[in-house]
Amino acid sequence: MLLHIKSLSKSFGALMAVSDVNLEVETRERLAVIGPNGAGKSTLFNLLTGYLSPDSGEVLFKGNNLAKLPPDKIVRKGIGRSFQIVNIYPELTVFESIQMTLIASARRSYNLFSKAKNMFLKETEDILEKVGLSGLAHVPGELLSHGDKKRLEIAMILATEAEIILLDEPTAGMAPEERLETMALINELAEKENLTLLFTEHDMSIVFAWARRIAVMVLGRIIADGTPDEIKENPEVRRVYLGEKR
Amino acid sequence: MSQVIEKNKNRMWLWLLITTGFFVLMPLWAPEMWLHLAIEIFIVALFAMSLNMILGRAGLPSFGHACFYAVGGYAFAILVVKLKLPAFIGLLAAPFISGLFAVIIGYFSIRLTGIHFAILTMGFGQIVWAIAHKWYSFTGGDDGITGIPIPAILKQPEVFYYLAFIMLIVSSAVIKVVQDSAFGQTIVAVRENRERVTFSGLKVWHHLLLNFVIAGFFAGIAGALLAMVNRSVFADFGYWTSSAAVVLMCILGGVGSFVGPMVGAVIITLLEHYISIYTYYWQMILGCLIIILIMFMPGGICGYIQEKLQKNEPGA
Amino acid sequence: MTGSEFLMQFMSGLTTAMIYFLIAAGLTLILGVLKIMNFAQGGIYMLGAYMSYTFIKLFGGTNYGFWLTLAIAPILVTAFFCVVEVFLIRRFYEKPAIYILLMTYGVLLVTYDLARMSWGWIIKTAPMPPMFQRPFEIFGLFFPLYNVFLIFMGFFIFFFIWFIINRTSWGKIMRAAADDREMTAALGINVPWVFTAVFGLGAWIAAIGGALVAPMAGLSADMGVEAGIIAFIVVVIAGLGSLPGALLASFICGEVQAFGILVLPELAIAFMYLVMVIVLIVRPWGLFGKPVIIK
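Structure report, in brief. What you see is a predicted model; the values in this text were computed from it and never measured.

Considering the sheet that holds strand 10 (residues 221-226) of chain A
Residues and elements named next belong to chain A.
For step 1, the next point in the chain: Within the open sheet, the 6 strands sit side by side as 6-7-8-3-9-10. Their pairing is mixed. Since the sheet does not close on itself, it has two edges, and those belong to strand 6 (79-82) and strand 10, each with one partner. For this sheet the average axis-to-axis angle between neighbouring strands, irrespective of direction, equals 20°.
For step 2, the next point in the chain: As defined by bridge partners, strand 6 adjoins strand 7 (residues 164-168) across 4 bridges and the pair is classed as parallel. Bridging across to strand 7, Ile 79 finds its partner in Ile 164.

So this is what it looks like as structure tokens:
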């Protein structure tokens, strides 16, 4: 088992944002966490990536507990995160952004004397190739299209050698064609690199098309967890989403 | 495109050669007064470049940088006058003492950004000023420390001129190397997006602190040189207006360019020198200059030139 | 120390505290709402003092002249700085902090030399209004009546600003604009003018502080730079933008100075720095501020 979340809880004052969440994620799985707004999906992601520190519970990643570690340590263990609002370096070029991330993951960031420009050239090219950004290598990040920005962000996560990627609404704010394209790319990369994906998404067509497993979160709790077909049939889920009576 | 870059690079080397040659040969023909002015410019230029590591590269508005300048000066003066150490040891030790102060001040302020960072650095800077201003037995209080002995050979303006010039060249070469290094690139990345750097697996504030300390170190060299050339040091070196003045130099020259702070230092020092001859109201002129600069040329002189050049280059 | 000595020292500290508060209150308001540091604040205070000096002289140093001055001089200074805000500062609120920091520093330099050009280099003193030229008695001790008036005015200004911010619809708009600019604008409120009004109010407080100090202090252009740093220290101790914090910080600084001078007279104004060091190390975000540490 790659990631094992054990009775994870976090409250803000009287509000239980995440309450006793248990999840098991296998290698190469594609798990979507869905749920209405305010269900606690973002809080869960923030707990997993170290932005928030849980009140109780454990996050076991390959057997090591990550709960209460700071974000940079968690990244080093192999967990990458993509943000809802694309999170790139506006003034660095695509090439420099990837190169920078490689420098960081190789722990060369304290190197005061060797030229950043000459480092990891081959590795950077490889990653650009993989995500299909070779043609845009020397364009500053802020000038990219929305879909390409997302591509760049994913490429930077790849450069951190993440084994599991947490994607917060990966297609938010994109045009329909772009959504499909982005998801196809993420999917293809996951296949090729043996990545595990954990994502939230509003667009149910994307969730049901790409997820192999779905966890439904309501009011801080996971109320259902299963394959897309199981979730479709789950009476609890139908009640929450469709208002059907039991 | 690459041809344009190549051409610009050649042009840059040519300019570098011309300016270096000019300054190397200057003592052969220039009157002594010019040499003194040039020494002052070298020192202030180094000071401004050290600030730009924080202001331009890391994008953090420090308003307490003069404190490291003053600490460098005092460290030199105290080592030479009170401990009777040779001047060159004072010059060697001063930047490390400034760096030490930067560790302490940086530790408290580096995790903040924007106006909070400005206020905290200024606050600590003022504290250092107040200590220097009041601790008569150690720093001489508001009388400062005067009559610092220096080797006789350095009393010749030509010799000191070359010393300051070499210190500037060597320091700026080191700063340039650090800026282009993996570390320098990390600092730029932090300026661009702290969160992304964190999610590349780095402790952002450790890098920022190291950057802050390196900047303090070079400010310390500048401060020690200033104490050396004046053979005196005063608390007001470290007053907040001194920090504001060096911020102005960086913004005027352009924080986005390597030579920008030096250009700003040259212009402000020359203006101050020549305008003060004609009027008592230098502050008024400086104030108006700041207002005009920020209103019409927020990228500074070098930023403005770069913009013009880019417009003229086809396909760039 | 006897009780009466203690009381004397305490009152002297309280007077100093109120002067500090009057200097810093405007900056507190500007920092709290506009989230900018205004280095020109000391210059506003200084111009307020000089302007009052001119008007008090103009009105022949009479009682009614003094009251008229308090009404007119700060308003004139405020009007000038509202123009400065509209033309020089307004467009930089959304830009990196460095621009406003440097811009207000430039404005401070200009006001500094403007004062030297207009009022000369020699220290000026405004005459004390006749009605205040007598002592005030409590517990058999005599204090200058004007100091008591100043202490009263300090508290008055505190409650005045507090009332505007917390109890009027104006204050509500100001707080809303400070919290969320875009939302407030979407509700049909002209945010830039709200900001000008806040800047103006902050300037007015500093100017009236200067006007109130004019009859009891020597006036020079340097008082602006000095006041600027006092305001700065008070807001740092207070926690950026906290009005009760500013009152408490002024009180602590004034009293520490008043009693500290008895022990270490040579330190004088450096006692403020001592308080600032302790606060910055123990609570870097100030007495009433919120921590803003970023990981």
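Considering the interface of chain B and chain C
For step 1, the next point in the chain: Opposite the 42 residues of chain B that make contact, chain C presents 44 residues.
For step 2, the next point in the chain: Together chain B and chain C conceal approximately 4,100 Å² of surface at their shared face, both sides included; 83% is due to carbon and sulfur atoms.
For step 3, the next point in the chain: When residues of chain B are sorted by the area they lose upon contact with chain C, Ile119(B), Tyr281(B) and Ile294(B) head the list and together hold 15% of the total.
For step 4, the next point in the chain: Our enumeration of links across chain B and chain C arrives at 0 salt bridges.
For step 5, the next point in the chain: Our count for the contact surface shared by chain B and chain C stands at 5 residue pairs in polar contact (both at pLDDT 80 or more).
For step 6, the next point in the chain: Taken together, the residues of the side of chain B that touches chain C sort by class into 31 nonpolar, 8 polar and 3 charged.

Considering empty space enclosed by the protein
Residues and elements named next belong to chain B.
For step 1, the next point in the chain: Scanning all chains against the criterion turns up 3 cavities of 30 Å³ or more.
For step 2, the next point in the chain: The volume enclosed by the largest cavity comes to roughly 50 Å³.
For step 3, the next point in the chain: Along its surface, the largest cavity is lined by Met 53, Arg 57, Val 178, Gln 179, Phe 183, Gly 184, Ile 187 and Asn 211.
For step 4, the next point in the chain: Within the residue set of the lining of the largest cavity, elements represented by two or more residues are helix 2 (32-57), helix 7 (157-180) and helix 8 (182-192).
For step 5, the next point in the chain: The biggest single contributor to the lining of the largest cavity is helix 8, with 3 residues.

Details of the pairing of strand 10 of chain A
Regular strands place side chains that alternate from one sheet face to the opposite one.
Residues and elements named next belong to chain A.
For step 1, the next point in the chain: When strand 9 (residues 213-218) meets strand 10, the two strands line up antiparallel, connected through 5 bridges. Across the sheet, Ala 215 pairs through a bridge with Asp 225, a residue of strand 10.
For step 2, the next point in the chain: Between strand 9 and strand 10, which pair antiparallel one after the other, the connecting turn spans 2 residues, and Leu 219 there sits at a positive phi close to 50°.

So, how was this worked out
- Residues numbered from 1 in each chain as written.
- Chains lettered and ligands numbered in written order.
- Predicted model: local features only at pLDDT ≥ 70, side-chain atom pairs only at ≥ 80, totals over all residues.
- Heavy atoms only, no water.
- Pairing = 2+ DSSP bridges.
- Helix = DSSP H or I, 4+ residues; strand = E, 2+ residues; numbered from the N terminus.
- Axes fitted to C-alpha atoms, helices over the stretch in contact; angles between N-to-C directions.
- Contact = heavy atoms within 4.5 Å.
- Buried area = accessible area lost by both parts, 1.4 Å probe.
- Salt bridge = Lys/Arg side-chain N within 4 Å of Asp/Glu carboxyl O.
- Polar contact = N/O pair within 3.5 Å; in protein donor to acceptor, adjacent residues only side chain to side chain.
- Nonpolar A, V, L, I, M, F, W, Y, C, P; charged D, E, K, R; others polar.
- 1 Å grid on protein atoms, 1.4 Å probe; cavity = no way out; pocket = protein on both sides within 12 Å on 5 of 7 lines; lining within 4 Å.
- Points joined across faces, edges and corners; volume = space filled by probe spheres on them.

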